[in-house]
Amino acid sequence: MVGFATVRWMRLAAVAAAVLASGLSLPSSEAAEGVWKHGTALMGEVKRPAGFSHFDYVNPNAPKGGRVRFGAMGTFDSLNPINSLKGTSAAGISLIYDQLLATALDEPSTMYGHIAEAMSYPADYSSVTFRLNPAAKWHDGTPITPEDVIWSLEAAKQSNPGQAFYYKNVNSAEKTGEREVTFTFDEKGNRELPHIVGQLTILPKHWWTGTGADGKPRDIMGTSLEPPLGGGAYRVKTFEAGRYITYERVKDYWAADLNVNVGKNYFDELHYEYYRDETVLVEAFKGDRFDWRTENSAKNWATAYDFPARKDGRVILESFPERGSGVMVGFVFNMRDPKFQDPRVRLAFNYAFNFEDMNRTVFFGQYVRPNSYFFGLDLASSGLPQGRELELLQAAKEKGPIPEEVFTKTYANPVVNQPTDERTHLREALRLLREAGWETRDGKLVNTKTGQPFQTEFMINSPTFERVAVPFRAMLGRLGIDVTVRNVDPSQYINRIRSRDFQIIYTGWGQSQSPGNEQRDYFGSEAADRESSRNHGGIKNPAIDFLIDQVIFAKDRAELEHATRALDRVLLWNHYVVPGWTLNATRAARWDRFSRPDMLPRYAEPAFPTVWWWDEAKVAKTGAPR
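Residues numbered from 1 in each chain as written. Predicted model: local features only at pLDDT ≥ 70, side-chain atom pairs only at ≥ 80, totals over all residues. Heavy atoms only, no water.

**Comments concerning the pattern of salt bridges**
- On inspection of all chains with the given rule, the structure shows 51 salt bridges.
- Arg590 is the salt-bridge partner of Glu318, the closest N and O atoms lying 2.9 Å from each other. Of this pair, Glu318 sits in strand S13 (residues 315-321) while Arg590 sits in strand S21 (residues 585-591); the two residues are 272 residues apart in sequence, bridging distant segments of the chain.
- With relative accessibility at 7%, the residue Arg590 sits in the buried group.
- Here Lys618 and Asp592 are joined by a salt bridge, their closest N and O atoms 3.7 Å apart. Placement of Lys618 in helix H21 (residues 616-622) and of Asp592 in the loop between S21 and strand S22 (594-595) is noted, with a sequence separation of 26 residues between them.
- Using a relative accessible area of 14% as the deciding quantity, one classes Asp592 as buried.
- By sharing partners, the salt bridges in this structure join Lys47, Arg48, Asp56, Asp106 and Glu107 into a single network. (Salt bridge = Lys/Arg side-chain N within 4 Å of Asp/Glu carboxyl O. Helix = DSSP H or I, 4+ residues; strand = E, 2+ residues; numbered from the N terminus. Buried < 20%, exposed > 50% of the residue type's maximum accessible area, 1.4 Å probe, protein only.)

**Thoughts on the environment of Thr176**
- As for its placement among the helices and strands, Thr176 is situated in strand S7 (residues 170-177).
- Remark: the alpha-carbon pair of Thr176 and Arg131, spanning 45 residues in sequence, is separated by 9.6 Å.

**Quick notes on the packing of helix H10 (residues 343-351) against helix H14 (residues 419-435)**
- The N-to-C vectors of H10 and H14 enclose an angle of 170°; their axes lie 8 Å apart at closest approach. In terms of orientation, H10 lies roughly antiparallel with respect to H14. Note on packing geometry: the crossing formed by H10 with H14 is left-handed. When H10 is examined against H14, the residues Arg344, Val345, Leu347, Ala348 and Tyr351 are found in contact with a partner set consisting of His425, Glu428, Ala429, Leu432, Leu433 and Glu435.
- When grouped by side-chain class, the residues that make up the contact of H10 with H14 number seven nonpolar, one polar and three charged. (Axes fitted to C-alpha atoms, helices over the stretch in contact; angles between N-to-C directions. Parallel < 35°, antiparallel > 145°, perpendicular 65-115°, else oblique. Left-handed = near helix turned anticlockwise from the far one by under 90°. Contact = heavy atoms within 4.5 Å. Nonpolar A, V, L, I, M, F, W, Y, C, P; charged D, E, K, R; others polar.)

**Some thoughts on helix H12 (residues 387-397)**
- Within H12, the full set of buried residues consists of Glu389, Leu392, Leu393 and Ala396. Here the buried residues of H12 occupy an arc of 100° about the axis, which is enough to place them on one side.
- If you follow the buried residues of H12, they end up packed against helix H13 (405-408), helix H19 (542-552) and helix H20 (557-573). (Arc of directions from axis to C-beta.)

**Some points on helix H15 (residues 466-477)**
- When the terminal C-alpha atoms of H15 are compared, their 16 Å separation across twelve residues agrees well with the 16 Å that a helix rising 1.5 Å per residue should span.
- By the burial criterion, the buried members of H15 are Val468, Ala469, Phe472, Met475 and Leu476. Down the axis of H15, the buried side of the element spans an arc of 125°, and every buried residue falls inside it.
- Tucked inside the fold, the buried residues of H15 contact strand S14 (325-333), H10, helix H11 (355-361), H14, strand S17 (455-460) and strand S18 (482-487). (Expected span 1.5 Å × (residues − 1).)

**Things to note about the environment of Ser109**
- By the element assignment, Ser109 lies in the loop between strand S3 (101-103) and strand S4 (110-113).
- Of the residues examined, Ser109 reaches a relative accessible area of 3% and is grouped as buried.
- Within polar-contact distance, the side chain of Ser109 engages the side chain of Ser514 at 2.5 Å. (Polar contact = N/O pair within 3.5 Å; in protein donor to acceptor, adjacent residues only side chain to side chain.)

**Some points on the layout of surface pockets**
- Taken as a whole, the second largest pocket holds about 330 Å³ of empty space.
- If you go around the second largest pocket, you meet 17 residues; those closest to its centre are Leu347, Tyr351, Glu405, Trp573 and His575.
- Of all the secondary structure elements, the ones that give two or more residues to the lining of the second largest pocket are H10 and H14.
- Here the lining of the second largest pocket takes five residues from H10, the largest share from any one element. (1 Å grid on protein atoms, 1.4 Å probe; cavity = no way out; pocket = protein on both sides within 12 Å on 5 of 7 lines; lining within 4 Å. Points joined across faces, edges and corners; volume = space filled by probe spheres on them.)

**A short note on the sheet that holds S4**
- In space, the three strands of this open sheet follow the order S1-S4-S3, with antiparallel pairing throughout. Two strands lie at the open edges of the sheet, namely strand S1 (39-41) and S3, each paired on one side alone. Ignoring which end each strand starts from, the neighbouring axes of this sheet average 30° apart.
- Inspection of the sheet shows S1 paired to S4 by three bridges, in the antiparallel sense. By the bridge assignment, Gly39 is partnered in S4 with Tyr112. (Pairing = 2+ DSSP bridges.)

**Quick word on unusual backbone geometry**
- The omega angle of the peptide bond from Glu605 to Pro606 is 5°, so this bond is cis rather than trans.
- You can see Pro606 is positioned in the loop between S22 and strand S23 (613-614).
- Across the junction of Phe608 and Pro609, the peptide omega takes the value 5°, indicating a cis bond.
- Inspection of the secondary structure puts Pro609 in the loop between S22 and S23.
- In this model, Ser532 sits at a positive phi of 80°, which is unusual for a non-glycine residue.
- Look at Ser532 and you get partly exposed, because its relative accessible area is 26%.
- For Ala607, which is not glycine, the phi torsion reads 55° and is therefore positive.
- Looking at where Ala607 falls in the secondary structure, it is placed in the loop between S22 and S23.

So, to be careful, I would describe these as geometric facts and stop short of saying anything about function.
Listed below in structure tokens is the structure:
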């Protein structure tokens, strides 16, 4: 769901982005001379030497077995792992595949070899070469080849607009050795391009370009309910479209004993059951229909789990800290609509949002309000710009418009500490709206020139979010703004966002400790008119484009921090969103049938089920699953 669930999936995405950054060595011509690396870190050196046995945060001696059940919202009609243009893929389908490199969940911006046993690139980041592990194979026993890698890139770009943008700087991919693939890029100095390729999901070319069980050629561009051939730790066991899917552990998985996999993938089965209603989903968990639930609703966390299994300890509620990832989340305006193009209008909406009252009455005091696009990270801006950060902002001002407040004021959201503050904020909102060409007539806000009333729509995809949207609508109504709250089904919601058919949505962006190329997709001008990009609001500002490039091409950590904070300031003072709420933790409820290592990975807690295992002793006390 977008809204309460938004923060969690964005933070997970941010963690993935954080650990998928690298610094490799030399191009293919020199790789032949033996200059290879087993692992790579964006900043500094990798923590682990070549030949390390396993990650510190796993238990290599944990027992294998058991079954984990998850609840999923919505439906699915496809087992295609990468096509974003048609259909909805099944939950967990990525479990059946691997990537070239594997992430270290306790090291920021660090990766180690997986399908690729070694990698190299030159100092100017103009190319990257991967040497494939000779043991790598698909579940049918066929070796994973450079041809698979090359075809996977082409397929990703063809069937997924987001992936096409993500890999747009890859000029070519070619086989440069029996087990080598070299990617060349269209620009130099972009430190992220090698690791962006390293996170490519590898698909079996021979299977996808072959003939299906129905006798027809398979099509990576279409939907399919034929269980695909994989090469990862799990395979599809059984499913019923839209209702459930079960994955089984591959007993002869080629990489089971690889150091990056030791202590992981212990469960024999992972099962996903689908539900169409969130209330039913919660009740299903309480009825022991599934084992683990990440709770994104403050109300549910405070009130929904007062039932016997919780009281007698069979169900555990635990909050896990979020480290290494940041977020901006809030009400996003579609600035393709003329009435939202004036920043004073957008700021007026912020003045009308009483977060403090909502946090107290709706969120049980559990949330804080982000005041940065990198909230939760040391990359967030604060105070006034100085030194190198100020120099970057002055240079950006030569490229495009920057609000003067960037240089003269510290950004802060309006705060309601007492009832009179609310009235003061509404008066300020009206002043801003009048300056922007709106006035009140007969209790309605209308355009001064055309007389057209100010009407807008909050589009949501869950009745739960009405608890937030309706009070905000009431506050805006006091300004004379006519707001409709429209709840649509998840599929329609996704399609309308893709096609930019909305006015206001609640969403945001996850951020890592090493921001880079994804900022172009979030806030770059090129992404504004590209369907399915994450530039939801339609931001087009050459000054922001300039600062994004400073982030991407930063040569060291200090320069990255300066550029990111400068970008943060310009985004904030343009008032592209009304900041919402967030929590620097993951709240999870679970039936007590599992154990975990004493030390969970710092940047990916709780890492369930990745490093957890089935505990027969706990099952004996809690009871077998129903």
